[in-house]
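Per-entry structural report
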Amino acid sequence: MSQLLPILVVGGSGYVAGELLRLLVGHPGAGEVVVISQSQGGEAVVEVFPHLASAYPGLSFQSLDAARSWLSRHPRAGVLSAAPHGASATLLDGLLTEAESDGRELLLVDVSADFRFRDPERYQAVYGHTHGAPTRLAQFTCAVPEHAAAGTSGPIAHPGCFTTSVVLVARPLLAAGVISPRLAVSAITGSTGAGRTPTATTHHPARRSAVFAYQPLAHRHAPEMKSLLADAAGVEPELFFVPQAGPHARGIYTVIHAELAAPATAAELLAVLAAAYAGSPFVSVAATPPKLPDVVGSNHCHLSVAVEGDHVVLISALDNLVKGAAGGALQWLNRLAGWPETWGLERPGLGWF
């Protein structure tokens, strides 16, 4: 029991935090789990997440101060943060500062957008406000686990769900020089990607049986995609991103149009992807285009390509709440803790949803 890692979940009343709690059930390395919610402090977790009643019958949301006191008693702990964008930076900076002062180790993964850019000016340009902890930006690694070198240390900024779907399929092909750095991205997402609070475009009556584009060519994830693809391409690619809202609750289906840099067949491009992910347990490559129900509920991402002449279509499918957020974060925590990367993430997809 002494080897189990105590884990703090931050921003605990949202969909991503609910997924983190679900994935931590039965995790062989997870010790005591404490969850913070500023809005639900003192409330039972089962009141917000009834589907977790059998797993967390006595767990309540804690205040930040209570969680800080709890962390101070542990020389090593995991922190999985699903705090809102803009609030995460200051909160996590405080936790890291206290841990550094006390000589404690925090294995920290943030799924908000607050540490995805190394440049505070670029962050401000994208999000419209100054960064809450600009001196911390250089300390964070922003990458999907599959694209980070072995031994990468934390803290970690996990990329957004749209970005994860794009970089997983596009980055290896850009790195191999087989496609040109000019991408037209169309991605349809489920309503959970917009968070728990309903809005005019996320409320179920507005989404049911509907598909519509929003923020075309102006979405805040586009600069993040460019930044993560720049290292592979040697230059920041041109990228034209059109997100779409779908009638489903969870899952992202991404289609990218690009041009070949040199003549190549679909089989050759698939071979590049297969080689890139040969050691990756959660990324699959196939000639047949993926189907969203095959990945929803799982930490898997399915990739495919199609080629006609010099034109190529790249396709990826993943669950925005799992591989695109909570599952990716737990995959990172597994790596930081030195555990098998698959721990807590072996669940297959739902099949129907």
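Below: a short report on this structure. (Residues numbered from 1 in each chain as written. Predicted model: local features only at pLDDT ≥ 70, side-chain atom pairs only at ≥ 80, totals over all residues. Heavy atoms only, no water.)

According to the stated counting rule, one finds 13 salt bridges in the structure shown. Of the charged contacts, one joins Asp65 and Arg68 as a salt bridge, the two residues approaching to 3.3 Å between their closest N and O atoms. Here Asp65 pairs with Arg68, and both are found in helix α3 (residues 64–72), just 3 residues apart, close to one helical turn. A single network of salt bridges, built from pairs that share partners, joins Glu19, Arg22, Arg250 and Asp319. (Salt bridge = Lys/Arg side-chain N within 4 Å of Asp/Glu carboxyl O. Helix = DSSP H or I, 4+ residues; strand = E, 2+ residues; numbered from the N terminus.)

Let us now look at the packing of helix α6 (residues 161–175) against helix α8 (residues 221–233). Contact geometry of α6 with α8 gives a least axis separation of 9 Å together with a crossing angle of 25°. By the criterion of interaxial angle, the relationship of α6 to α8 is roughly parallel. Between α6 and α8 lies a crossing whose hand is right-handed. Along the contact surface, α6 presents Cys161, Phe162, Thr163, Val166, Val167, Ala170, Arg171, Leu174 and Ala175, while α8 presents His221, Glu224, Met225, Leu228, Leu229, Asp231, Ala232 and Ala233. (Axes fitted to C-alpha atoms, helices over the stretch in contact; angles between N-to-C directions. Parallel < 35°, antiparallel > 145°, perpendicular 65-115°, else oblique. Left-handed = near helix turned anticlockwise from the far one by under 90°. Contact = heavy atoms within 4.5 Å.)

Turning our eyes to something else, we now look at the sheet that holds strand β8 (residues 182–189). Taking strand neighbours across the sheet as the criterion, the 7 strands line up as β9-β10-β8-β11-β14-β13-β12 in an open arrangement whose pairing is mixed. Sheet topology places β9 (212–213) and β12 (283–285) at the edges, where each strand pairs with a single neighbour. Pairing of strand β13 (residues 301–308) with strand β14 (residues 311–318), which is carried by 8 bridges, proceeds in the antiparallel orientation. Pairing of Glu308 across the sheet is with His311, part of β14. Where α6 meets the sheet, it contacts β8, β10 (238–245), β11 (252–259), β12, β13 and β14, and its direction lies at approximately 140° from that of β14. (Pairing = 2+ DSSP bridges.)

As for its placement among the helices and strands, Ser316 is situated in strand β14. Judged by relative accessible area, which is 0%, Ser316 ranks as buried. Polar contacts involving the side chain of Ser316 include one to the main-chain carbonyl oxygen of Ser165, which spans 2.8 Å. Excluding residues within four positions of it along the chain, Ser316 makes contact with Ser165, Val169, Ile252, Tyr253, Thr254, Pro290, Cys301, His302 and Leu303. (Buried < 20%, exposed > 50% of the residue type's maximum accessible area, 1.4 Å probe, protein only. Polar contact = N/O pair within 3.5 Å; in protein donor to acceptor, adjacent residues only side chain to side chain.)

With that out of the way, let us pick up unusual backbone geometry. A cis geometry characterises the amide bond from Gly154 onward to Pro155, with omega recorded as 0°. Inspection of the secondary structure puts Pro155 in the loop between β6 (141–142) and β7 (156–157). With a phi close to 60°, Leu217 is a non-glycine residue in the positive phi region. With respect to the helices, strands and loops of the structure, Leu217 is situated in the loop between β9 and α8. Of the residues examined, Leu217 reaches a relative accessible area of 61% and is grouped as exposed.

Residues Leu8, Leu95, Ile179, Leu183 and Leu314 are the most contacted members of the largest nonpolar core, which totals 63 residues. Considering each element in turn, this core owes the most residues, 9 residues, to α6. Ignoring anything within four residues of it in the chain, the contact list for Leu183 reads Ala170, Leu174, Leu229, Glu238, Leu239, Phe240, Ile256, His257 and Ala258. With 40 residues, the next largest nonpolar core counts Val9, Val33, Phe49 and Leu59 among its residues. (Core = buried A, V, L, I, M, F, W, Y, C linked by side-chain atoms within 4.5 Å.)

Attention now moves to the pairing of β14. For β14, a buried count of 7 out of 8 residues is recorded, marking the element as mostly surrounded by other parts of the structure. Both β11 and β14 contribute to a ladder of 8 bridges, which runs antiparallel. Within β14, the position partnered with Ile256 by the bridge is Leu314. The turn linking β13 back onto β14 is made up of 2 residues, and Gly309 within it adopts a positive phi angle of 65°.

Now for the state of the cysteines. Counted under the stated rule, the structure contains 0 disulfides. No disulfide involves Cys142; its sulfur sits 13 Å from the nearest other cysteine sulfur, which is in Cys161. Unpaired in this structure, Cys161 has its nearest cysteine sulfur neighbour in Cys301, at a distance of 12 Å. Residue class for Cys161 comes out buried when judged on its relative accessible area of 14%. (Disulfide = S-S within 2.5 Å.)

A word on the environment of Tyr253. Mapping Tyr253 onto the fold places it in strand β11. Expressed as a C-alpha distance, the spacing of Tyr253 and Ala278, which sit 25 residues apart in the sequence, is 22 Å. Sequence-distant contacts of Tyr253, defined by excluding residues within four places in its chain, comprise Ser186, Ala187, Ile188, Pro289, Pro290, Lys291, Leu292, Ile315, Ser316 and Ala317. One polar contact links the side chain of Tyr253 to the main-chain carbonyl oxygen of Pro290, over a distance of 2.9 Å.

Moving on: the environment of Ala17. The topology assignment puts Ala17 in helix α1 (residues 15–24). Ala17 sits in the buried class, given a relative accessible area of 0%. Between the alpha carbons of Ala17 and Leu321 there is a distance of 9.3 Å; along the sequence they are 304 residues apart. Among all residues touching Ala17, those that are not within four sequence positions of it are Val9, Gly11, Gly12 and Ala82.

Counting buried positions along strand β1 (residues 5–10) gives 6 out of 6 residues, so the element sits mostly inside the fold. Side chains Leu5, Ile7 and Val9 of β1 all project onto a buried face; the interleaved residues Pro6, Leu8 and Val10 project onto the opposite face, where all are buried too. Both β1 and strand β2 (residues 30–36) contribute to a ladder of 4 bridges, which runs parallel. Opposite Leu5, over in β2, you have Ala30 as the bridge partner. A crossover connection joins β1 to the parallel β2 through α1; in handedness this β-α-β unit is right-handed. Here β1 pairs with strand β4 (residues 76–81) via 4 bridges, running parallel. Of the residues in β4, the one forming a bridge with Val9 is Leu80. (Right-handed = clockwise from strand over helix to strand, strands pointing away.)

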